[in-house]
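Residue-level structure breakdown
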Amino acid sequence: MGLIVQKFGGTSVGTVERIRNVAAKAISEFKAGNQVVVAVSAMSGETNRLVGLVEDISESYNKREYDVVVSAGEQVSIGLLAIAIESMGYKARSYLGWQVRFLTDDVSSKARILEVEAFKIKRDLDAGSIIIVAGFQGIDNEGNITTLGRGGSDTSAVALAAALKADRCDIYTDVDGVYTTDPRMVPQARKMDKISYDEMLEMASLGAKVLQTRSVELAKKYSVPLRVLSSMEEGEGTMLIGEDKTMEKVMVSAVAYNRDEAKITVQGVPDKTGVAATIFGALSDANIVVDMIIQNVSESGETDLTFTVPKGDYTQAMETLKGPINEIGARSIKGNPEIAKVSAIGVGMRSHSGVAQKMFKALASDGINIQMISTSEIKVSVIIDEKYTELAVRSLHQAFELDKDVGDRVGG
Ligand code: ADP
Ligand code: ASP
Ligand code: MG
């Protein structure tokens with residue numbers, strides 16, 4: 001007998017009929033002789049609706065209360081799924097995050113899971129029930145409800161799979177696997193049968209919403225066999241695996257984009273020791289994660305410091321920096337939330353040269369100006385004007401021939 005964790009996203013539980021379909025999938029694994037734990041997201045659109053309610057009441061809301069509100073969607077879907085399974089003649093039990101419990105840190109709206117206490121789940125599994133768990137939510141040490149950031153039920157599922165030492169974690173969603181880029185943006189995108197944890201980690205952190213980044217980190221750390229597949233169509237989906245030799249053959253494996261960042265430039269920063277520490281220290285104290293950073297010292301001894309932050313933290317970041325900017329004697333601060341980050345990703349970059357050059361040439365030929373660049377061993381990212389996101393993604397997908405079968409790509 002195996003233990004399978006399944007996760008169903010919002011679209012997959014978006015209607016009563018779809019909830020019945022999910023119930024049937026859980027039962028089918030159960031009938032195959034497995035113990036089954038299902039992590040569920042809120043019905044599609046529900047979390048957005050709840051976030052909208054919070055924002056309509058106040059722009060500067062308390063994040064603890066935000067978590068109380070936005071975690072509510074999952075309570076409905078777990079209960080409905082348990083009822084659907086029972087109506088089909090099988091035992092089911094639903095649990096909220098705090099009941100399981102998912103112990104998290106106390107960073108409201110983007111908490112990290114510290115520990116999953118799985119003894120209640122194990123007890124109920126042994127008693128023959130299918131267990132349904134609310135994704136996206138946990139509880140901190142003080143007993144406050146927390147949420148794990150948007151898309152967080154992927155992470156709930158993987159954390160459960162790691163804690164229960166599951167034989168597999170199946171992430172069911174509205175596409176049939178991981179593609180070379182978002183298939184909703186580029187119809188020529190190709191589904192991959194397998195992808196390395198490292199490439200998936202880059203893709204997720206660079207904006208591919210198909211898996212939450214933290215879920216891939218956990219899957220890699222605990223070697224959770226993770227698969228992404230469709231809840232509507234039959235198919236094997238995409239398996240996350242360790243790297244193999246064939247993956248290094250291609251220069252670029254995927255293109256990702258992210259419209260959720262904003263750019264901030266601090267102008268006229270005096271060229272003195274400790275100024276960067278003051279600026280980024282203030283942001284870090286406010287729990288704002290900084291992504292790309294560019295600093296350029298001019299001959300006059302003045303510096304411009306440009307960096308990106310999550311769009312959701314942009315207003316708070318601008319506010320937070322007012323004091324430190326005065327303190328260090330910088331001239332001004334300027335922000336632009338209308339940017340996008342577009343990235344080419346591939347473990348093959350370790351052994352191929354010319355990726356950046358090919359990328360810049362493709363963007364230039366479409367008249368797209370590059371505002372910032374950053375690279376790592378397996379990715380090249382650029383910041384561009386948000387309105388060119390789609391054009392840039394299509395252009396790079398074509399330039400790296402991602403619409404072709406791996407064996408048919410030139411120079412790769
Ligand atoms: P769920 O509600 O099931 O969690 P999400 O909307 O969070 O689903 O994630 C699935 C979506 O991710 C797809 O509908 C697709 O538009 C998007 N996506 C972005 N990049 C990719 C990619 N490279 N491969 C597959 N899907 C992608
Ligand atoms: N319901 C949450 C969200 O919309 C969590 C998830 O979908 O994974 O972000
Ligand atoms: Mg998701």
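Please refer to the structure higher up on the page.
Owing to the predicted nature of the structure, the values given are computational and were not obtained by experimental measurement.

**Some points on the packing of aromatic side chains**
Tallying each qualifying case throughout the model produces four aromatic pairs. On the numbers, 5.9 Å between centres and 80 degrees between planes, the contact of F30 with Y90 is edge-to-face. Note that F30 is positioned in helix α1 (residues 16–31) and Y90 in the loop between α4 (72–87) and β3 (92–95), a separation of 60 residues in sequence. F30 gets classed as partly exposed once you look at its relative accessible area, which sits at 25%. A relative accessible area of 25% places Y90 in the partly exposed class. Ring geometry for F280 versus F307: centroids 5.1 Å apart, planes at 75 degrees, classification edge-to-face. Here F280 is found in helix α10 (residues 275–285), whereas its partner F307 is found in strand β16 (residues 302–310), with 27 residues between them in sequence.

**Quick look at the nonpolar core**
Counting 46 residues, the largest nonpolar core has V5, V37, I121, L160, C169, M200 and M203 as the members making the most contacts within it. Here this core gets seven residues from one element, more than from any other, and that element is helix α7 (residues 153–164). In this structure V5 touches V37, A157, L160, A161, L164, A166, R168, C169 and D170, once residues within four positions along its chain are discounted. In this structure, M251, A344, L363 and L402 belong to the second largest nonpolar core, which totals 23 residues.

**Here we look at the layout of surface pockets**
Its boundaries defined by the atoms lining it, the second largest pocket holds a volume of some 400 Å³. Along the wall of the second largest pocket there are 17 residues; nearest its centre are M192, D193, K194, V406 and R409. The class makeup of the residues in the lining of the second largest pocket is five nonpolar, three polar and nine charged.

**Remarks on the environment of R93**
Mapping R93 onto the fold places it in strand β3. C-alpha of R93 to C-alpha of I121: the two residues are 28 residues apart in sequence and 9.1 Å apart in space. Apart from the residues within four sequence positions on either side, R93 is in contact with R123, D124, I130, I131 and I132. A polar atom in the side chain of R93 sits 3.4 Å from the side chain of Y95.

Procedures and definitions
- Residues numbered from 1 in each chain as written.
- Chains lettered and ligands numbered in written order.
- Predicted model: local features only at pLDDT ≥ 70, side-chain atom pairs only at ≥ 80, totals over all residues.
- Heavy atoms only, no water.
- Phe/Tyr/Trp six-rings, centres within 6.5 Å; stacked < 30°, edge-to-face > 60°.
- Helix = DSSP H or I, 4+ residues; strand = E, 2+ residues; numbered from the N terminus.
- Buried < 20%, exposed > 50% of the residue type's maximum accessible area, 1.4 Å probe, protein only.
- Core = buried A, V, L, I, M, F, W, Y, C linked by side-chain atoms within 4.5 Å.
- Contact = heavy atoms within 4.5 Å.
- 1 Å grid on protein atoms, 1.4 Å probe; cavity = no way out; pocket = protein on both sides within 12 Å on 5 of 7 lines; lining within 4 Å.
- Points joined across faces, edges and corners; volume = space filled by probe spheres on them.
- Nonpolar A, V, L, I, M, F, W, Y, C, P; charged D, E, K, R; others polar.
- Polar contact = N/O pair within 3.5 Å; in protein donor to acceptor, adjacent residues only side chain to side chain.

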